[in-house]
Each structure stands twice: as structure tokens, then as C-alpha cells.
Amino acid sequence: MFIYAMFQQYFPYELRGHAHKYTQKLVTYFYPYIQITFHELTGEKLKRSDAYFAIQNYLADHTTATAKRLKADVVKGSKSLVLTMDDHEQVMEEFQGIKIWWSSNKNTPKRPSFSFYPKTEERRYYTLTFHKRYRDAITKSYIDKVLKDGKAIAVRNRERKLYTNNSTKWSHVQFEHPANFETLAMAENEKEAVKNDLIKFSKGKEYYTKIGKPWKRGYLLYGPPGTGKSTMIAAMANLLDYDIYDLELTTVKDNSELRKLLIETTSKSIIIIEDIDCSIDLTGQRRKEKKNSEEDDKKKDPVEKKKEEEEKKSKKGSKVTLSGLLNFIDGIWSACGGERIIIFTTNFVDKLDPALIRRGRMDRHIEMSYCCFEAFKLLARNYLDLDDHELFGRIEVLLGEKEITPADVAECLMPKSETEGVESCLRELVKVLEKLKKKKKQGKKKAEEEGEVNGEENGDGESGESSSGSGESSSEDYEVAGKGRKRNSKR
């Protein structure tokens, strides 16, 4: 200690670096271990290292059971409390029979700090120690495994988010929708087909690389309102553990802003455009405006006319074109990032441009239809914990005769009070279905009556014309007969 103190005080500063370098070289001849350091802050701007963050997640998941001193922290973006190694703590791990030591350390600068937050001056880092004979196994396999597993753990523990756009910026809230495929009112075979397709896509990184396509997939959900399109999207996100980006096209000014929004989306996400047929005009055709006649223009006050022109100029809508949206879906810019799903929803699929929904852009078309008996049984099990009832037969017949959405069925099956039971909910549904059936019959009968009335009116018109024609002919005959009598009398 005395020698070290004298060395620090009297040894020239310029020579200390050389002394330290040669001392390290001397030690390496006798010390058989290699150390790799991963610093928390890197670069000129001292940005937090992604590698450090991945290692922190990996160690928190794999080594907290053996560490004696732990540090509890709530990491930003994580949905649970994270336990990590405390400073100057060391743990051991084995990889393919190789012993590895991880240690958590920190350095505090000796120079005085004028920061209001002195803790930010600390420099933390992880040190990985292993025997030099295992250099290749650690540097080529183990470190890659740690980084990959750490990123996967971060994705699994993150708070999933629901994003929405305001012009070129995304804002988000926490996504906590409880929907899943088990509670989705849909035919079982169709649900299984969609689930298998989604799972295959999420595991298809190597396959998409092999075939030379961007790792993305498009889905078109179409059907009447209330058939569960939005619920299907939430179930997809929960199944794959993806974030959701709800893109509002009406707030996007032009195609360049649309590209900026696409670049800012992350992987493992679903980009949705709901009611795309109502968002903006994507046909590229100009709407015909009604033109006033010259006389009306002359009658208008010049001041009012100028005011109307200024109002028309101030109303500037979205300039996103069909070409810009197609490039957004499957152009070059769509390859920025991977593992994305793009979903369009619409109530009227016939209104969409065929180029927008062709295979390759919207790879799978899913029709969200009216409630069938199989979907009703699932809703009854979810809402009433009921698998069978004497009214099920009647409901099955009525569902086959009248179309009703799953949302309307769910509203009937949901108890409205503590006293309302299973029987009353089912009878309410039967009542609604019979009412719809009665309306359908009345409408059909009314249409038939109107058709008969129109037929009778047409028949009366034709008979009237024929009778009038016969009247004209009889009067003519009468006149001819009268003239003949006068001639006979003269003779």
C-alpha cells in the first residue's frame, strides 16, 4: 500500500499508461482467463447500448436464482418488476460444459461533478470471464445466444401498446384488450385456419428469406357492422403478442408522410386501416362538382362569391393516392423492418379497388358473417356458462331463417341485472329473432301487395284504352249509318 501510494503521488503521469500496459502484458502470461466488457453507455452521445440491455434481461431471467445480492427496478416499457444483479455481484453459468462468470460493476469518476443528478455520472458495465481455450465457443456461439435470448425476453416482458397517428407522429396508450380466439364468435374451422396461418407466419423468418419476400402478411376483414372485425384484430394481437398501429388516413397529408409513419413502426406489430372504403377516395377519379349557371353567378354578391372561393381553398383534404397506399403495402418501403401484419377492414368489399385487395397485398380474405348456431353456442358458453338448453332447438331454427350479428346476440345474452337469469336471457333472444322474422314476413307481404297493385293499375289502363278505342269506332259507325238514312229518304 505504501509503494502504491508513492507510485500514484510521485511517478510521472505520462509514464503511468506505459507502466499499466506492460504490467497487463506480464499478467496475461500467467492469467489463463479472458474478460469481455459490455458498457451501458456507448458512443459520443453516451447512448444506452442495446447489447447491455439484452444482457441485463438475460441475466435477470437466468441468474437471479443463484445471485445473493439483487437489485429491484421497474424498467421502462416492462410490465413487471425486474430483478437484476446488484453492483459488484458475480454469478456463474455453464454453457456446453464451459464455466462462465458474469459480474456487474460500476465506475465513479473522481473528478468533481456539477450535475443535479450525480448518479448519472456512474458508468456501469458487465464483465464476462471465461478460460482462453474456449474463445471460439464463447465469441461465436454463446454471446449471440445471450443477445438473442435477451431481446426475446424484452419482447415478452414489454408492455404492448396501441398507437394512433396525428399527421407524422405516433402516440400510444397501453394495450390491454382481453379478446382471444377462444371467445371469438366464429365457426371453429375458420378460427383454426386463421390461427394456424398466423402462427406459421410468426415462425416463418427463414422461409420468407428463402423465397425472397419481405416478412409481412396482409389480411382483409370484410362483413356487416357488428360481426367482430375489431375483436378479431385484438385476438390476433394477443395471440402473437404484437403491438397495434391504428392508421388514420384522413390525418395524413400526402404520400411522403405515409412513408414516414411506416418507417417509425416497429417489428412484431399489426398495422390496421379500419373502414378503408370510408377513409379517403382511393379511386383516383375527381369528383364532379355542380356548376352554377351564368345567370346565378351574376346574381351573386361579389363579396360573398370571394368568401366562398377562400373557404374552398382553405379546405385541404388528404392527398394520399392509391399509388402511395400500394407502395405502403408492398413497395420497396414496405421491406423496412420485418414481422409486420397489415389489415384492412371494410363493410362493403365491392367498393374497394381490385388492385388494393389482390393476392400478394391482401394475402388472406376473411369474411366476418352473421351469427351461426355454432357461434351462438360459444357465446352462450361465454356469457351464461351454458352448454345446452331446451330453447337451443328453437334458436337454431330462427338463426337459420333470420340474419343477426354476433354483437346483437351477445347483447341479448348479457344479463342486465342481478336477478336476470339464463332463462330470461334466452327468451329475450328468441323474442328478438321472432320479431325480426315477423318484420321480414311483413316486408315480403307488403312488397307482394305493391306488386299486385301495380299489375292491376297497368291492366286497368290497357282496358280503358281499348274501351275508348271501341267507343271511337262505334261513333264513327253511327255517323256513317246516319248519312246512309238521309240518302235513302231523298231518293
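Residues numbered from 1 in each chain as written. Predicted model: local features only at pLDDT ≥ 70, side-chain atom pairs only at ≥ 80, totals over all residues. Heavy atoms only, no water.

By the naming in an unreviewed UniProt entry, the protein chain is AAA+ ATPase domain-containing protein, taken from Linum tenue. Entered under Cofactor (unreviewed entry) in the UniProt record, the comment concerning the protein chain runs "Mg(2+)". (UniProt positions renumbered as here; feature names shortened; annotations may be inferred.)

(A) Up close: the packing of helix α14 (residues 373-384) against helix α16 (residues 406-413). Close contact between α14 and α16 brings their axes to 10 Å; oriented N to C, the two are set at 35°. Relative to α16, the crossing made by α14 is right-handed. Along its contact with α14, which presents F376, L379, A380, Y383 and L384, the element α16 presents P406, V409, A410 and L413. Residues that form the contact of α14 with α16 fall into these classes: 9 nonpolar, no polar and no charged. (Axes fitted to C-alpha atoms, helices over the stretch in contact; angles between N-to-C directions. Helix = DSSP H or I, 4+ residues; strand = E, 2+ residues; numbered from the N terminus. Left-handed = near helix turned anticlockwise from the far one by under 90°. Contact = heavy atoms within 4.5 Å. Nonpolar A, V, L, I, M, F, W, Y, C, P; charged D, E, K, R; others polar.)

(B) Examining unusual backbone geometry more closely. Here H88, not a glycine, exhibits a phi torsion of approximately 65°, which is positive. As for its position among the elements, H88 is in the loop between β5 (82-85) and β6 (90-95). The phi dihedral of D275 falls on the positive side, at around 50°, and the residue is not glycine. In this fold, D275 is placed in the loop between β13 (269-273) and α9 (276-279).

(C) Representation of the side chain of T345 in the model. For T345, the position within the fold is in strand β14 (residues 340-346). Residue classification places T345 among the buried positions, given a relative accessible area of 1%. Within polar-contact distance, the side chain of T345 engages the backbone nitrogen of D275 at 2.9 Å. Those residues within four positions of T345 in sequence are excluded, and the remaining contacts are L221, K229, I233, I273, E274, D275, I276 and D277. (Buried < 20%, exposed > 50% of the residue type's maximum accessible area, 1.4 Å probe, protein only. Polar contact = N/O pair within 3.5 Å; in protein donor to acceptor, adjacent residues only side chain to side chain.)

(D) Up close: the pattern of salt bridges. Using the criterion set out here, one finds 21 salt bridges in the structure. In this structure, the salt-bridge partner of K145 is D149, at a minimum N-O distance of 3.1 Å. Taken together, the residues span about one helical turn, with K145 and D149 both in helix α4 (residues 135-157) at a distance of 4 residues. Residue class for D149 comes out partly exposed when judged on its relative accessible area of 25%. Between D387 and R381 there is a salt bridge; the shortest N-O distance is 3.0 Å. We classify D387 as exposed; its relative accessible area is 56%. Where salt bridges share partners, they join R158, R160, D241 and D243 into one cluster. (Salt bridge = Lys/Arg side-chain N within 4 Å of Asp/Glu carboxyl O.)

(E) A look at a nonpolar patch on the surface. Together, F2, I3, M6 and Y10 give the surface a local cluster of nonpolar side chains, amounting to about 510 Å² of exposed area. Positionally, F2 belongs in helix α1 (residues 2-10). (Patch = residues over 30% accessible without salt bridge, like charges linked within 9 Å, V, L, I, M, F, W, Y side chains within 5 Å. Areas by Shrake-Rupley, 256 points an atom, 1.4 Å probe, with all protein chains shown as cover.)

(F) Inspection of the packing of aromatic side chains at higher detail. All told, the structure shown has 14 aromatic pairs when counted by the stated rule. Aromatic pair Y31 and Y33: ring centres 5.6 Å apart, planes at 55°, arrangement tilted. For Y31, a relative accessible area of 40% gives the class partly exposed. Geometrically, the ring pair formed by F373 and F392 is edge-to-face, given 6.3 Å between the ring centres and 85° between the ring planes. One end of the pair, F373, is in helix α14; the other, F392, is in helix α15 (residues 392-401), with 19 residues separating them in the sequence. Through pairs of rings, three or more aromatic residues link up here, namely F38, F95, W102 and Y142. The residue whose ring lies beneath K200 is Y207, and the NZ or CZ to ring-centre distance is 5.8 Å. Lying over the aromatic face of F348, K351 brings its terminal NZ or CZ to 4.6 Å of the ring centre. (Phe/Tyr/Trp six-rings, centres within 6.5 Å; stacked < 30°, edge-to-face > 60°. Lys NZ or Arg CZ within 6 Å of the ring centre and 35° of its normal.)

(G) Structural context of the pairing of strand β10 (residues 169-174). Here 6 bridges tie strand β9 (residues 161-166) to β10, and the two strands are oriented antiparallel to one another. If you follow Y163 over to β10, its bridge partner there is H172. Connecting the antiparallel pair β9 and β10 is a turn made up of 2 residues, with S167 showing a positive phi of about 65°. (Pairing = 2+ DSSP bridges.)

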